[in-house]
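So the chains spell out like this:
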Amino acid sequence: MYKWFGMMKSNYDLVVIGAGTAGTLAAFAAKEEGLENVLLIDRKSRENIGRKICGDGIGTKHMTFLQEQGFPIKEQSVIKNKIALAKIVAPNSKVVSRIPVLGHLVILNRYQFGQTLLERTLAEGVTLMDKTTFSDIKRENGEVKIALTKAGHKSEVITTPLVIDASGINSKIRENPHFFAPENSLADDEQYYCYREIAKIPSLPFKYRQTAIFEFSFERTRGGYLWFFSRGNGELNMGCGIPKSWINQINPKEVFQRYIASRFKKYQTLDAGGGFVPTRQPIPSFVKDNIILVGDAGTLVNPIHGGGLSPSLNGGFLAGKIAAQKITEEAVTEADLWPYNIKIVERYCQRYAILDLYRILLQNIPDEELLQALEKGYFPLGKIFYARKYEKLLALSRKLGEQWAQLPDPRFNLLPEYLESIHTLTSNYPTTPTELDSWATKYRSIYRSYQQKVQFTP
Ligand SMILES: Cc1cc2nc3c(=O)[nH]c(=O)nc-3n(C[C@H](O)[C@H](O)[C@H](O)COP(=O)(O)OP(=O)(O)OC[C@H]3O[C@@H](n4cnc5c(N)ncnc54)[C@H](O)[C@@H]3O)c2cc1C
């Protein structure tokens, strides 16, 4: 706990914690919207911002959006490769789904991407404090005080009307019970540990070229998956994601060695490392008085495959715009910031809330049953993965529901009922914060109930 005495004070219109995808876009958008003093802080040094262990896959439309905002997305340096085909592979190693994605999916040079976002944001006039760690926050007189420590310097306190927390999965503000309820934390089965390597593979087999491959098998990844994303020039970004609840029994690096590295006679590792990604239904609200949570800090990630670049980019941008307007109007209470929730629920949360039921299903289905469901076509994982619009996912899920209601297995036959409950709830998202608590209790209990009913322990 920080001791709030005898410290220096500076004032900023807006403080953004974390210069990842969500934070840079938030700071950029706020400045673009006309805010004067926008401060962006990151514990990394400026030249290390953008170094992030990631699969590096992102939808092409987000690159177009960035270009429209004036970010110099150069094909050669930022975009490593364009993917032609996404494949879903069943536990018996057979491809069960092929989805043409040319023009829709690219693989990034993640470092260049991060640096491009940062440089353009700084060129807009945002102030960067790098090598600076956020350690504590308190609310006072309608503002927030933020304690920061810069390497080799005395700690400093910044006063601001609004903070956007973009500090990633381990957000201290989301985990602070003074601000967010404990239900907003990530349970161990609601975050995946991912280990990945970027490797150059001489004579890379044809099936890995220009493709993004997702392989599912409970035995190997306990509801997570293995991925192989082509970076072109014989390079792969490949790894495994495993629920944190299993990593004491299953070592992700061993899974990598056994089921990924062993496929290639020779390869040269260019980069290696691990990291956590949130995989739960989105938290019920991203705002409190003086605070907005964005990106991984707000757990806003596709829970079925862990893709978080799109929601961090768009969510960050939207948060920056709304923050700038509200700060200008001197209206930064939870109720004032509520429009952020409404927009994000429509754009992402409704879809992710349904996908999280599928995530629970995948974490509790033995391989022989998954194989049967995939091969017989009544669990079209590829279509579920790529249903990018909520209405499309809902229609597909309802159609599946008619089939699934006839199956004896509760994992399948209960899901339509839970899906309707989630749909009803997210379609009636509270219009003000006063209704949130009772809404959130119902929301969380739906997942708990489904989880309990389908629990599978090998
Ligand atoms: C292995 C792996 C593979 C993935 N693959 C994909 C993929 O292929 N496609 C996809 O869309 N998503 C993928 N994701 C998810 C995606 O990377 C994240 O969802 C996304 O990067 C989140 O962005 P962010 O800005 O919210 O957080 P981050 O990128 O984590 O940025 C947070 C920033 O905050 C800084 N910070 C943290 N704490 C503090 C502090 N206390 N003080 C100051 N600064 C702080 C950090 O240094 C960092 O720069 C993957 C994730 C992992 C782990």
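Residues numbered from 1 in each chain as written. Predicted model: local features only at pLDDT ≥ 70, side-chain atom pairs only at ≥ 80, totals over all residues. Heavy atoms only, no water.

(A) Highlighting the overall build of the protein. When helices and strands are counted, the protein shows 14 helices and 20 strands. For 458 residues, the compact-globule formula gives about 23 Å, and the C-alpha radius of gyration of the protein, at 22 Å, lands near that figure. Residues counted as buried form 59% of the 458 residues belonging to the protein. A separation threshold of at least 6 residues defines the contact pool for the protein, and within that pool the share at least 24 residues apart is 74%. (Helix = DSSP H or I, 4+ residues; strand = E, 2+ residues; numbered from the N terminus. Rg over C-alpha atoms; globule rule 2.2 N^0.38 Å. Buried < 20%, exposed > 50% of the residue type's maximum accessible area, 1.4 Å probe, protein only. Contact = heavy atoms within 4.5 Å.)

(B) Structural detail: the site of the ligand. Neighbouring the ligand are 34 residues, the closest being Asp-42, Gly-55, Gly-57, Asp-296 and Leu-309. Gly-57 has a polar backbone atom sitting 2.8 Å from a nitrogen atom of the ligand. When isolated, the ligand has an accessible area of 1,000 Å², and the protein chains bury 93% of it. The set of elements that each furnish at least two residues to the shell around the ligand consists of α1 (21-32), β10 (132-140), β16 (225-232), β18 (268-278) and α7 (309-328). Partitioning the shell around the ligand into residue classes produces 12 nonpolar, 15 polar and 7 charged. (Near = heavy atom within 4 Å. Polar contact = N/O pair within 3.5 Å; in protein donor to acceptor, adjacent residues only side chain to side chain. Areas by Shrake-Rupley, 256 points an atom, 1.4 Å probe, with all protein chains shown as cover. Nonpolar A, V, L, I, M, F, W, Y, C, P; charged D, E, K, R; others polar.)

(C) Layout of the sheet that holds strand β7 (residues 95-100). The strand order across the open sheet formed by 7 strands is β7-β6-β15-β16-β17-β14-β18, and the pairing between neighbours is mixed. Each end of this open sheet is capped by a strand with a single partner; those strands are β7 and β18. Across this sheet, the average inter-strand angle for adjacent strands is 15°, counted without regard to direction. Judged from the 4 bridges that link them, strand β15 (residues 211-215) and β16 form a sheet pairing that is antiparallel. Its bridge partner being in β16, Phe-214 is matched across the sheet by Trp-227. (Pairing = 2+ DSSP bridges. Axes fitted to C-alpha atoms, helices over the stretch in contact; angles between N-to-C directions.)

(D) Spatial organisation of the domain arrangement of the protein. Taken as a whole, the protein is organised into domain 1 (9-56 + 111-184 + 281-332), domain 2 (76-108 + 188-278) and domain 3 (348-454). On a C-alpha basis, the centroid separation for the pair domain 1 and domain 3 is 31 Å. Counting from both sides, the interface comprises 16 residues of domain 1 and, opposite them, 21 residues of domain 3. A combined buried area of about 1,600 Å² lies between domain 1 and domain 3, and 67% of that area is made up of carbon and sulfur atoms. Linking domain 1 with domain 3 are 0 salt bridges, by the criterion used here. Counting across the domain 1 and domain 3 interface gives 6 residue pairs in polar contact (both at pLDDT 80 or more). Residue classes in the side of domain 1 that touches domain 3 are distributed as 8 nonpolar, 7 polar and 1 charged. (Domains from an automatic or database assignment. Buried area = accessible area lost by both parts, 1.4 Å probe. Salt bridge = Lys/Arg side-chain N within 4 Å of Asp/Glu carboxyl O.)

(E) Fine view of the sheet that holds strand β5 (residues 79-82). If you walk across this open sheet you meet the 3 strands as β4-β8-β5, and the pairing is antiparallel. Unpaired on one side and paired on the other, β4 (57-59) and β5 mark the two borders of the sheet. Sheet twist, expressed as the mean angle between neighbouring strand axes with direction ignored, is 35°. By the bridge criterion, 3 bridges tie β4 to strand β8 (residues 105-108) in an arrangement that is antiparallel. Bridge assignment links Ile-58 to a residue of β8, and that residue is Val-106.

(F) Focus on unusual backbone geometry. Despite not being glycine, Asn-141 shows a phi value in the positive range, around 50°. Along the chain, Asn-141 turns up in the loop between β10 and β11 (143-150). A residue is classified by how much of its surface remains accessible, and Asn-141, at 77% relative accessible area, is exposed.

(G) Layout of the pairing of β8. Where burial is concerned, the two faces of β8 agree: the one with Leu-105 and Ile-107 and the one with Val-106 and Leu-108 are both buried. Pairing analysis gives 3 bridges linking β5 to β8, with the strands arranged antiparallel. When the sheet's bridge partners are listed, Ile-79 is paired in β8 with Leu-108.

(H) Here's a closer look at the layout of surface pockets. Of the pockets and cavities examined, the second largest pocket occupies roughly 290 Å³. Taken together, 15 residues form the lining of the second largest pocket, with Ala-181, Glu-183, Asn-184, Pro-284 and Ala-440 sitting closest to its centre. Looking at which element gives the most residues to the lining of the second largest pocket, the answer is helix α14 (residues 436-454), with 7 residues. Within the lining of the second largest pocket, the residues separate by chemical class into 6 nonpolar, 3 polar and 6 charged. (1 Å grid on protein atoms, 1.4 Å probe; cavity = no way out; pocket = protein on both sides within 12 Å on 5 of 7 lines; lining within 4 Å. Points joined across faces, edges and corners; volume = space filled by probe spheres on them.)

(I) Seen up close, the pattern of salt bridges. In total, this model carries 22 salt bridges according to the counting rule given. The salt bridge partner of Glu-32 is Lys-321, with a shortest N-O separation of 3.0 Å. One end of the pair, Glu-32, is in helix α1; the other, Lys-321, is in helix α7, with 289 residues separating them in the sequence. Of the charged contacts, one joins Lys-321 and Glu-33 as a salt bridge, the two residues approaching to 3.1 Å between their closest N and O atoms. Here Glu-33 lies in the loop between α1 and β3 (38-41) and Lys-321 lies in helix α7, a separation of 288 residues in the sequence. Residue classification places Lys-321 among the buried positions, given a relative accessible area of 18%. Classification of Glu-33 as partly exposed rests on a relative accessible area of 34%.

(J) A look at the packing of aromatic side chains. Tallying each qualifying case throughout the model produces 29 aromatic pairs. Between Phe-28 and Phe-71 the ring centres are 4.6 Å apart and the planes differ by 55°, which places this aromatic pair in the tilted class. One end of the pair, Phe-28, is in helix α1; the other, Phe-71, is in the loop between α2 (60-68) and α3 (75-78), and 43 residues separate them in sequence. Each of the two residues, Phe-28 as well as Phe-71, counts as buried. Residues Tyr-358 and Trp-404 carry aromatic rings whose centres are separated by 6.1 Å and whose planes lie at 85° to one another, so their mutual orientation is edge-to-face. Remark: Trp-404 occurs in helix α11 (residues 390-404) and Tyr-358 occurs in helix α8 (residues 334-362); sequence separation between them is 46 residues. Neither Tyr-358 nor Trp-404 differs from the other in exposure class; each is buried. Ring pairing ties together the aromatic residues Phe-214, Phe-216, Tyr-225, Trp-227, Phe-229, Phe-385 and Tyr-386, which thus form one cluster. Geometry around Tyr-111 places Arg-51 over its ring, the cationic atom sitting 4.0 Å from the centre. (Phe/Tyr/Trp six-rings, centres within 6.5 Å; stacked < 30°, edge-to-face > 60°. Lys NZ or Arg CZ within 6 Å of the ring centre and 35° of its normal.)

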